[in-house]
Amino acid sequence: MTYAITQTCCNDATCVAACPVNCIHPTPGEPDFGTTEMLYIDPKSCIDCGACADACPVDAIFPVDRLTGRLREYEAINAEYYADRAPAPAADPAVFHTWGEPAFARSIPADFAPIRVAVVGTGPAGMYAAEDLLLHTNAEVTLIDRLPVAGGLVRYGVAPDHPATKGAGESLARFHTHPRAHVRLGVDIGVDVTPEELAAHHDAVVYAVGAPSDRRLGIPGEDLPGSVSATSVVSWYNAHPETGADAVRLSAERVVVVGNGNVALDVARVLVSDPGALARTDIADHALAALRDARVREVVLLGRRGPEDAAYTTSELLALTHLPGVDLVVDEHDPRTGAAIDAAGPGTKAALLQGVGREAVDWTRAPAGERRRIVLRFHSAPVEALGTDGVRAVRVTEEGSASGTEIAAGLLVRAIGYRGVPLAGLPFDETTGTVPHEAGRVAGLPGSYVVGWIKRGPSGGIGANRACAEETIGTLLADAVAGALPKPTGTSQEFRRLAKGRSARGLVDARGLASIDRAERARGRDAGRPRVKLATLPELVAAARGGRLRLRG
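1. Here's the deal with the pairing of strand E5 (residues 116-120)
For E5, the tally of buried residues reaches five of five residues, placing the bulk of the element in the interior. Of the two faces of E5, the one carrying Arg116, Ala118 and Val120 and the one carrying Val117 and Val119 are both buried. With five bridges connecting them, E5 and strand E6 (residues 140-145) associate as parallel partners. Bridged to valine 119 within E6 is leucine 143. In terms of handedness, the path from E5 via helix H4 (residues 124-136) over to E6 forms a crossover that is right-handed. Direction of pairing for E5 relative to strand E8 (residues 204-207): parallel, over a ladder of four bridges. If you follow valine 120 over to E8, its bridge partner there is tyrosine 207.

This is the structure we're talking about:
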């Protein structure tokens, strides 16, 4: 029996390295790697050894005979990837692979002196960079984050009902306690410590700060109460300590979400999901309470283009079609929508909508029926948010109408992409929202590097950061071997003392981080949940300090 990769694939290619018969594609050396939605197992080549499933950090790989419910579709999805591709080369039964000449992308001298590298940001990009340094070099790594807890986008960006995806964070978290790693959380670079001071204590600095801001719609009424960014909504239901418990109000029956990428689908799904199911996740307590009392019955997803060009992935759309107690509907206001769905070929995202109900929705009326639902409205964009004291409706484009259509709604969520913000002391490209670089090397700043979304823009999921980090660390090591890194004037302990004295929130180290983790898991056990997140900065810092006091006692 063969294996199949399913919805939670993180694309980091750990499974590729584990496979003895090269049946998982695209691999990091192939042109499609990083552009496909997920990785796929060739059912004709798979030998049912299970090595890939053991290696997968997000529990996305299963034998096809164990696929149940909504996961059954992934047997066909994996096979379809190979339908129009040449079969994999026959394996040599003696050695499994046909080996070519060995190639080494990096060359580090045997007497290479240890270097100290600071990694600013503890999300996937930063941790993949740290992993590369700690596993493949003798470097000493300082892990820095402005929040008193690590995790970045895995902790605060992954939807709570996707627990398997968070497994990538659990895998990377093992490096928090590596003997050559030093955790320095609660330190805001550019505020508590200047970039120059950070560089003075390290041979190199890798910035992995992501893209924390959001793109604007640029329409009238966008700043009305009740108009929020998807960034805020995601932070709100994930207990981000800088997002208040009252950041999102759910008093309206209808919500309009602008965008049809994965984040837009995440927001829509969480807003209409059964709170009883969410109560088994690590969703923020305040969000769970608000969802229990919410009046939301319908979420409208606006897509500027047609279903054939939708930005969401196949797996995320499939998740909507299997959401218990929730109907998925396609608004057929534009004839191009139905035509594209009907003409869609097998294996395309538009074809997945062929079994979904279509309806010409009357937007002047409140959502009808007892069941909650998500409405996909393609070929439509917002032109104005209407209201005085708050959003009451959203005017959207309508084919054949000069004035457009008003959709009555009490909450408008913009989910049209993330954006990087300028960093103190670093150059910044306002057009792309990234730091200018050459293979990760910051232009004009020897010893400074970037990785992740601040390097390449907000594209790619968790696993895409592995290849991104490999390139950046390769550049850093090449500079180190060439003697191009500035020599630090301060020591690691001197930086610790500097950070501790400057941190406005209180410095948290690896023991404090472990204490936070224990406290959240303990709260989760009491509530029958994987963890209950501490949702404020004082709570996080107190948990870190309390754990240390217990250790000393």
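2. Description of empty space enclosed by the protein
Considering all chains together, one arrives at three cavities of 30 Å³ or more under this definition. There is about 80 Å³ of room inside the largest cavity. In the lining of the largest cavity, the residues fall into 11 nonpolar, two polar and one charged. Of the voids in this model, the second largest cavity is the one considered here, and its volume is about 60 Å³.

3. Observations regarding the packing of aromatic side chains
Overall, the coordinates contain three aromatic pairs when judged by the stated rule. Taking 5.0 Å as the distance between ring centres and 85° as the angle between the ring planes, the aromatic pair formed by tyrosine 81 and tyrosine 82 counts as edge-to-face. Each of the two residues, tyrosine 81 as well as tyrosine 82, counts as buried. Measuring from ring centre to ring centre gives 5.5 Å for tyrosine 418 and tryptophan 453, while their planes differ by 45°; the resulting arrangement is tilted. Of this pair, tyrosine 418 sits in strand E20 (residues 418-419) while tryptophan 453 sits in helix H14 (residues 453-456), and the two are 35 residues apart along the sequence. Across this residue pair, the class does not change: tyrosine 418 and tryptophan 453 are buried. Members of the aromatic cluster, connected to one another through ring pairs, are Tyr40, Tyr81 and Tyr82. The aromatic ring of tyrosine 81 is capped on one face by arginine 85, whose charged end is 3.7 Å from the ring centroid.

4. What about the sheet that holds strand E14 (residues 357-359)?
Pairing is parallel in the open sheet, where seven strands are placed in the order E10-E19-E11-E12-E15-E13-E14. Two strands close off the open sheet at either side, each with one partner strand: strand E10 (227-229) and E14. For this sheet, the mean angle separating the axes of adjacent strands, direction not counted, is 25°. Pairing geometry for strand E11 (residues 254-258) and strand E12 (residues 298-302), over five bridges, is parallel. Along E12, the bridge assignment pairs valine 257 with leucine 301.

Criteria and cut-off values
- Residues numbered from 1 in each chain as written.
- Predicted model: local features only at pLDDT ≥ 70, side-chain atom pairs only at ≥ 80, totals over all residues.
- Heavy atoms only, no water.
- Buried < 20%, exposed > 50% of the residue type's maximum accessible area, 1.4 Å probe, protein only.
- Helix = DSSP H or I, 4+ residues; strand = E, 2+ residues; numbered from the N terminus.
- Pairing = 2+ DSSP bridges.
- Right-handed = clockwise from strand over helix to strand, strands pointing away.
- 1 Å grid on protein atoms, 1.4 Å probe; cavity = no way out; pocket = protein on both sides within 12 Å on 5 of 7 lines; lining within 4 Å.
- Points joined across faces, edges and corners; volume = space filled by probe spheres on them.
- Nonpolar A, V, L, I, M, F, W, Y, C, P; charged D, E, K, R; others polar.
- Phe/Tyr/Trp six-rings, centres within 6.5 Å; stacked < 30°, edge-to-face > 60°.
- Lys NZ or Arg CZ within 6 Å of the ring centre and 35° of its normal.
- Axes fitted to C-alpha atoms, helices over the stretch in contact; angles between N-to-C directions.

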